[in-house]
Amino acid sequence: MLGSHESTQDLFSRWKKGDAEAGQDMAQRFSDWYFAVSAARHGEVRSRPALERACQLFAQGIAQVTNESELEEWAHAILGEELAQLEDSKGADEPSRLTGQRLPSRLLNRAVSEARCPLLPVLAM
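### Describing the overall build of the protein chain
On a plain count of helices and strands, the protein chain comes out with six helices and zero strands. Every one of the 125 residues in the protein chain was classed for burial, and the buried ones make up 39%. A separation of at least 24 residues holds for 66% of the contacts in the protein chain among residues at least 6 apart in sequence. For the protein chain, the accessible surface area stands at approximately 7,100 Å², while carbon and sulfur atoms represent 52% of it.

Set out below in structure tokens:
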């Protein structure tokens with residue numbers, strides 16, 4: 001993955017300048033983060049519809065985001081709204097095909113360590 005060491009904001013900036021690969025890397029990073037959070041909070045099966053809606057809303061709305069400093073908060077709000085519609089339940093930290101057999105908690109920890117958004121550690125808790 002080309003942008004694996006770049007912040008999501010840097011990937012976003014490159015994507016806005018026409019770099020399609022940076023856009024794919026950015027979208028994959030948010031998809032991984034969305035999956036990790038939703039699976040850890042509600043389990044993979046139960047959260048699947050909310051995860052899919054969040055990914056669709058991200059894909060539909062990303063072009064309207066104009067400022068890289070708003071990117072992470074905007075993207076995280078999408079998932080938060082979708083997950084808020086699910087009843088509280090205990091999630092499961094289980095690897096799957098979608099995580100490359102990695103634990104969702106590890107994907108989440110990676111996102112937290114790479115993010116510039118001060119709210120991300122709070123959201124991860």
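### A look at unusual backbone geometry
Although it is not a glycine, Q101 sits at a positive phi angle of roughly 60°. Q101 sits in the exposed class, given a relative accessible area of 54%.

### Remarks on the packing of aromatic side chains
Tallied over the entire structure, the rule returns five aromatic pairs. On the numbers, 5.9 Å between centres and 45° between planes, the contact of F12 with W15 is tilted. Note that F12 and W15 are positioned in helix 1 (residues 8-16) at a spacing of three residues, about one turn of the helix. A residue is classified by how much of its surface remains accessible, and W15, at 24% relative accessible area, is partly exposed. Ring pairing ties together the aromatic residues F30, W33, Y34, F58 and W74, which thus form one cluster.

### A word on the environment of E52
Note that E52 resides in helix 3 (residues 44-61). Exposure remark for E52: the relative accessible area of 43% places this residue in the partly exposed category. Placed 27 residues apart in sequence, E52 and L79 show a C-alpha to C-alpha distance of 9.7 Å.

### Some details on the nonpolar core
Residues M26, W33, Y34, F58, I62 and L79 are the most contacted members of the largest nonpolar core, which totals 26 residues. Setting aside residues up to four positions removed in sequence, I62 forms contacts with F12, W15, K16, M26, L71 and W74.

### Re helix 5 (residues 104-114)
Those residues of helix 5 not exposed but buried are P104, L107, L108 and A111. An end-on view of helix 5 places all buried positions within 100° of arc, on one side of the element. Pointing more than 90 degrees away from the buried face of helix 5 are the exposed residues R106, N109 and S113.

### Section: the pattern of salt bridges
A complete count under the given rule lists four salt bridges for this structure. The closest approach of N and O atoms between R48 and E44, which form a salt bridge, is 3.2 Å. Of the two residues, R48 and E44 are both situated in helix 3; the distance of four residues between them amounts to about one turn of the helix. Through salt bridges with shared partners, a single network forms among E6, R14 and D19.

So, how was this worked out
Residues numbered from 1 in each chain as written. Predicted model: local features only at pLDDT ≥ 70, side-chain atom pairs only at ≥ 80, totals over all residues. Heavy atoms only, no water. Helix = DSSP H or I, 4+ residues; strand = E, 2+ residues; numbered from the N terminus. Buried < 20%, exposed > 50% of the residue type's maximum accessible area, 1.4 Å probe, protein only. Contact = heavy atoms within 4.5 Å. Areas by Shrake-Rupley, 256 points an atom, 1.4 Å probe, with all protein chains shown as cover. Phe/Tyr/Trp six-rings, centres within 6.5 Å; stacked < 30°, edge-to-face > 60°. Core = buried A, V, L, I, M, F, W, Y, C linked by side-chain atoms within 4.5 Å. Arc of directions from axis to C-beta. Salt bridge = Lys/Arg side-chain N within 4 Å of Asp/Glu carboxyl O.

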